[in-house]
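Listed here are the chains, written in short residue letters.
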Amino acid sequence: MASLRTPDPDSGWLSDEELANVRRRLPICYVEAIPVRTDGLGVVTEVGVLLRVAPSGSIARTLVSGRVMFGESIRTALFRHLEKDLGPMAFPQLPSSPTPFTVAEYFPLPGASVYTDERQHAISLAYVVPVTGTCEPRQDALELTWMSPMEAASDAVAEEMEGGRGALLRAGLASVGALM
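Residues numbered from 1 in each chain as written. Predicted model: local features only at pLDDT ≥ 70, side-chain atom pairs only at ≥ 80, totals over all residues. Heavy atoms only, no water.

Enquirer: Would you explain the nonpolar core in this entry?
Expert: As a rule of thumb, soluble globular proteins bury nonpolar side chains together. Core analysis: the largest hydrophobic core is formed by 23 residues, its most contacted members being I34, V47, L168, L169 and L173. Mapped by element, the contributors of at least two residues to this core are β1 (28-38), β2 (44-53), β5 (102-106), β6 (122-130) and α5 (165-175). Here this core takes four residues from β1, the largest share from any one element. (Core = buried A, V, L, I, M, F, W, Y, C linked by side-chain atoms within 4.5 Å. Buried < 20%, exposed > 50% of the residue type's maximum accessible area, 1.4 Å probe, protein only. Helix = DSSP H or I, 4+ residues; strand = E, 2+ residues; numbered from the N terminus.)

Enquirer: Explanation requested: the confidence of the model for the protein chain in the structure shown.
Expert: Keep in mind that low pLDDT regions are not for reading the predicted coordinates in detail. With 93% of its residues at a pLDDT of 70 or more, the protein chain shows a mean pLDDT of 89. In the predicted structure, residues 1-9 sits below a pLDDT of 50 and forms zero contacts with residues beyond four places in sequence or in another chain. (pLDDT = per-residue confidence, 0-100. Contact = heavy atoms within 4.5 Å.)

Enquirer: I tried to follow the pattern of salt bridges on my own but got confused; where do I start?
Expert: Pairing is possible between side chains of opposite charge, provided their charged atoms come close. In total, this model carries eight salt bridges according to the counting rule given. Its salt-bridge partner being E143, residue R61 comes within 3.9 Å of it at the nearest N-O pair. Residue R61 is found in strand β3 (residues 59-62), and its partner E143 is found in strand β7 (residues 141-147); the two are separated by 82 residues along the sequence. As a salt-bridge pair, R61 and E160 come within 2.9 Å of each other at their nearest N and O atoms. (Salt bridge = Lys/Arg side-chain N within 4 Å of Asp/Glu carboxyl O.)

Enquirer: Sorry, what's going on with the environment of K84 here?
Expert: The residue K84 is located in helix α2 (residues 74-86) in this model. According to the relative accessible area criterion, K84 is partly exposed, its value standing at 22%. Put simply, K84 and P137 are 53 residues apart on the chain and 8.0 Å apart in space, counted from C-alpha to C-alpha. In this view, K84 contacts S65, R138 and Q139; residues no more than four positions away in its chain are not counted.

Enquirer: Mind showing me how you'd approach the packing of aromatic side chains here?
Expert: Any two aromatic rings considered together are summarised by their centre-to-centre distance and by the angle between their planes. Across all of its chains, the model carries one aromatic pair by this definition. When the ring of Y106 is compared with that of Y115, the centres are 5.3 Å apart and the planes differ by 45°; the resulting orientation is tilted. Y106 gets classed as buried once you look at its relative accessible area, which sits at 2%. The buried category is assigned to Y115, whose relative accessible area is 11%. The ring centre of W146 lies 4.5 Å from the NZ or CZ of R37, which sits over that ring. (Phe/Tyr/Trp six-rings, centres within 6.5 Å; stacked < 30°, edge-to-face > 60°. Lys NZ or Arg CZ within 6 Å of the ring centre and 35° of its normal.)

Enquirer: Would you mind going over the side chain of T62 with me for this structure?
Expert: The residue T62 is located in strand β3 in this model. For T62, a relative accessible area of 9% translates into the label buried. Other than its neighbours up to four places away in sequence, T62 contacts V49, L50, R52, M161 and R165.

Enquirer: Would you take a moment to explain α2 for this structure?
Expert: For an α-helix, 3.6 residues make a turn, and residues three or four places apart therefore share a direction. Its 13 residues give α2 an end-to-end C-alpha distance of 18 Å, which sits within 8% of 18 Å, the value for a rise of 1.5 Å per residue. Those residues of α2 hidden inside the fold are in contact with β1, β2, β4 (64-67), β6 and β7. One or two positions beyond α2, positive phi appears at G87, with a value near 100°. (Expected span 1.5 Å × (residues − 1).)

Enquirer: Looking at this structure, I do not really get α5. What am I missing?
Expert: Within the sequence span of α5, burial applies to R165, G166, L168, L169, G172 and L173. Seen along its axis, α5 keeps its buried residues to an arc of 160°; they face one direction. Following α5 by one or two positions, G177 adopts a phi angle in the positive range, close to 70°. (Arc of directions from axis to C-beta.)

This is how it looks when you write it as structure tokens:
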């Protein structure tokens, strides 16, 4: 039995040093989710946007996101990150077929794409996910703000988001017909 301090070598997790090394050499696969509340017809009525401390140390708005671990299905990664960021009582309604509304490609250099991440080249599968339960932000999320689709798609919210996530949020809302 491995000690509590020794990570399982087959767990899919990398040490901080190993992750930094991999990030310099390979694109990393991520999932991102826009949590929404819907009415009885499935129309988006509210959009959840997280507030957290960004890698730069500033406070920024963002989406649920995280890496897909080695050996982990997209569905499992999506559920894990929704639960990690929104709490175990969020009750996300994952799609039967985990087909993203878009694939966002983040580059470490501004200008290569609308999406940037100074740490790495990353590929992100992006989803709009209805949640039906109580959301209590966890981990490094400071709060979850529910807003109308039009407010979430505003320039003011986009300016508070890093890495082009404001554009990703707008694209997600457009993909479900939430923007007019």
